[in-house]
Amino acid sequence: MSSTVTSRRRQLGNEIRRARLAAGMTQQDVAELLGCGQGKINKIEAGAVSVKQADLKQMLDAFGASKTEVDMMTELARATGQRGQWSGYRSAVPHWFRTFTDLEPAASEILSWHGERIPGPLQSEHYMLKQFGEARATDVTSLVRNRLERKQVFDLKRPPYYRFILGEAALRRMPGGPSVSVALDQVQHLLDLEQRYPKTFIHLLPFDSKLSFVPNDFTIMRFSDATKDFVFVEHAAGGVYIEDEGDFELFVDAWDRLRGAALERGETAEFLDKLAQDLRTRIKV
């Protein structure tokens, strides 16, 4: 699958930053060159906003960029000028999450930790409907379509290695309270995903795992192209994208600790199978 507009914009920002540093210029120098504030240059380099072709040409002239660099960055800028498809049912995706969903198919590896809930790509439709219903969402159809669209990442010709660690609580706590039918549907769905997609890994972190503590949910995205790796942390008011290398490594260390304490893939499948059998028994009773 070709890289997304957001992926290309971030790639262009990385290239502009690299060229600026090679030229020995600061963001303030570039801002004065273009007659704008430093904040705008920072946003361009972070891939948060697009850059005009005229501004890009002025920057590259000042950087003394080679013809190869100019051609490559000009093409990236042209591609990032395409308008994103956020109309219709896709408009239900909140603005702070659009970068995440845009880059999800372009990643080479995704490491996702969720302690208390099932993440979107792993949710069964029954789980989704229950969740949105309990949240009293008014656009349930659009939300479900968006979740189903995200699941297409598993069917890509070259899907990312998507590695999930789920806390046991995510399987015990259903939206709106205990529901054997929702739980069974969700567990069966996880077992099906494991069998169908070899690049999708699900590891369970049991309650009795030996850890000093578990961190809040987070997702690490890595890329094989020039797109900068980042960590996404969701919170009650939105989400934060963390790119600082030092902070990024802290999350990688946290992932490694969780992964070391979690069950292996086969052990997780056995756990889920036993849980499914128990849930079926409870339904019969």
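Everything here concerns the structure above.
These numbers come from a predicted model, not from an experiment.

A.B. asks: Describe the pairing of strand E4 (residues 218-222), naming the residues involved and giving the relevant values.
C.D. replies: For E4, a buried count of four out of five residues is recorded, marking the element as mostly surrounded by other parts of the structure. Where strand E1 (residues 109-114) lies against E4, five bridges are found, and the strand directions are antiparallel. Bridge pairing in E4 places Ile110 opposite Met221. In this sheet, strand E5 (residues 230-235) lies alongside E4 in antiparallel orientation, the contact comprising three bridges. Paired with Thr219 across the strands is Phe232, a residue of E5.

A.B. asks: I'd like a description of unusual backbone geometry, backed by residues and values.
C.D. replies: The general pattern is negative phi for most residues beyond glycine and trans for most peptide bonds. Its identity is not glycine, yet Arg136 carries a phi of approximately 55°, on the positive side. Within the secondary structure, Arg136 is located in the loop between helix H7 (125-134) and helix H8 (140-150).

A.B. asks: Break down a negative patch on the surface for me, with residues and values.
C.D. replies: Taken together, the side chains of Asp244, Glu245, Asp247, Glu249, Asp253 and Asp256 define an acidic patch exposed on the protein surface. Positionally, Glu249 belongs in helix H11 (residues 245-261).

A.B. asks: So what's going on with the environment of Ile220? Which residues, and what values?
C.D. replies: One can find Ile220 in strand E4. By relative accessible area, Ile220 is classed as buried at 0%. In this structure the C-alpha to C-alpha distance between Ile220 and Glu109, which are 111 residues apart in sequence, comes to 8.1 Å. When neighbours within four sequence positions are excluded, Ile220 is seen to be in contact with Glu109, Ile110, Leu111, Phe230, Val231, Phe248, Phe251, Val252 and Trp255.

A.B. asks: Let's hear about the side chain of Arg9: which residues, and what values?
C.D. replies: Relative to the elements of secondary structure, Arg9 occurs in helix H1 (residues 5-22). For the buried Arg9, which has no salt bridge, the nearest side chain bearing the opposite charge is Asp102, at an N-O separation of 5.9 Å. Within the structure, Arg9 has its side chain in polar contact with the backbone oxygen of Gly47 (distance 2.6 Å). Once you skip the residues sitting within four places of it in the chain, Arg9 turns out to touch Gly47, Ala48, Val49, Ser50 and Thr80.

A.B. asks: Could you give an account of the sheet that holds E1, with specific residues and numbers?
C.D. replies: Strands sit in the order E3-E2-E1-E4-E5-E6 across an open sheet of six strands; the sheet is mixed. If you trace the sheet from one side to the other, it starts and ends with strand E3 (200-205) and strand E6 (238-242), each paired once. Strand-to-strand twist across the sheet, computed as the mean angle between neighbouring axes with direction ignored, equals 15°.

A.B. asks: Any details on the nonpolar core? Residues and values, ideally.
C.D. replies: Counting residues in hydrophobic clusters, the biggest one holds 38 residues, and the most contacted among them are Leu122, Phe154, Leu171, Val187 and Met221. Those elements giving two or more residues to this core turn out to be helix H6 (95-103), strand E2 (161-167), helix H9 (168-172), helix H10 (180-196), E3, E5 and helix H12 (265-284). The greatest single-element share of this core, amounting to seven residues, is contributed by H10. Discounting chain neighbours no more than four positions away, the residues touching Val187 are Leu171, Leu272, Leu275, Ala276 and Leu279. Counting residues in hydrophobic clusters, the runner-up holds 18 residues, among them Ala19, Met25, Leu60 and Leu76.

A.B. asks: Would you mind going over the pattern of salt bridges in detail, with residue names and values included?
C.D. replies: Using the criterion set out here, one finds 20 salt bridges in the structure. Here Glu15 and Arg18 are joined by a salt bridge, their closest N and O atoms 3.2 Å apart. Of this pair, Glu15 and Arg18 both sit in helix H1, three residues apart, which is roughly one turn of the helix. Judged by relative accessible area, which is 13%, Glu15 ranks as buried. Salt-bridge contacts for Glu45 lead to Arg20; the nearest nitrogen and oxygen are separated by 2.6 Å. Here Glu45 is found in helix H3 (residues 38-46), whereas its partner Arg20 is found in helix H1, with 25 residues between them in sequence. Comparing Glu45 with Arg20, the two get one shared label, buried. One network of salt bridges, with partners in common, ties together Glu15, Arg18 and Glu69.

Cut-offs used in this document
Residues numbered from 1 in each chain as written. Predicted model: local features only at pLDDT ≥ 70, side-chain atom pairs only at ≥ 80, totals over all residues. Heavy atoms only, no water. Buried < 20%, exposed > 50% of the residue type's maximum accessible area, 1.4 Å probe, protein only. Helix = DSSP H or I, 4+ residues; strand = E, 2+ residues; numbered from the N terminus. Pairing = 2+ DSSP bridges. Patch = residues over 30% accessible without salt bridge, like charges linked within 9 Å, V, L, I, M, F, W, Y side chains within 5 Å. Areas by Shrake-Rupley, 256 points an atom, 1.4 Å probe, with all protein chains shown as cover. Salt bridge = Lys/Arg side-chain N within 4 Å of Asp/Glu carboxyl O. Lys, Arg positive; Asp, Glu negative; His and termini not counted. Charge placed at Lys NZ, Arg CZ, Asp CG, Glu CD. Contact = heavy atoms within 4.5 Å. Polar contact = N/O pair within 3.5 Å; in protein donor to acceptor, adjacent residues only side chain to side chain. Axes fitted to C-alpha atoms, helices over the stretch in contact; angles between N-to-C directions. Core = buried A, V, L, I, M, F, W, Y, C linked by side-chain atoms within 4.5 Å.

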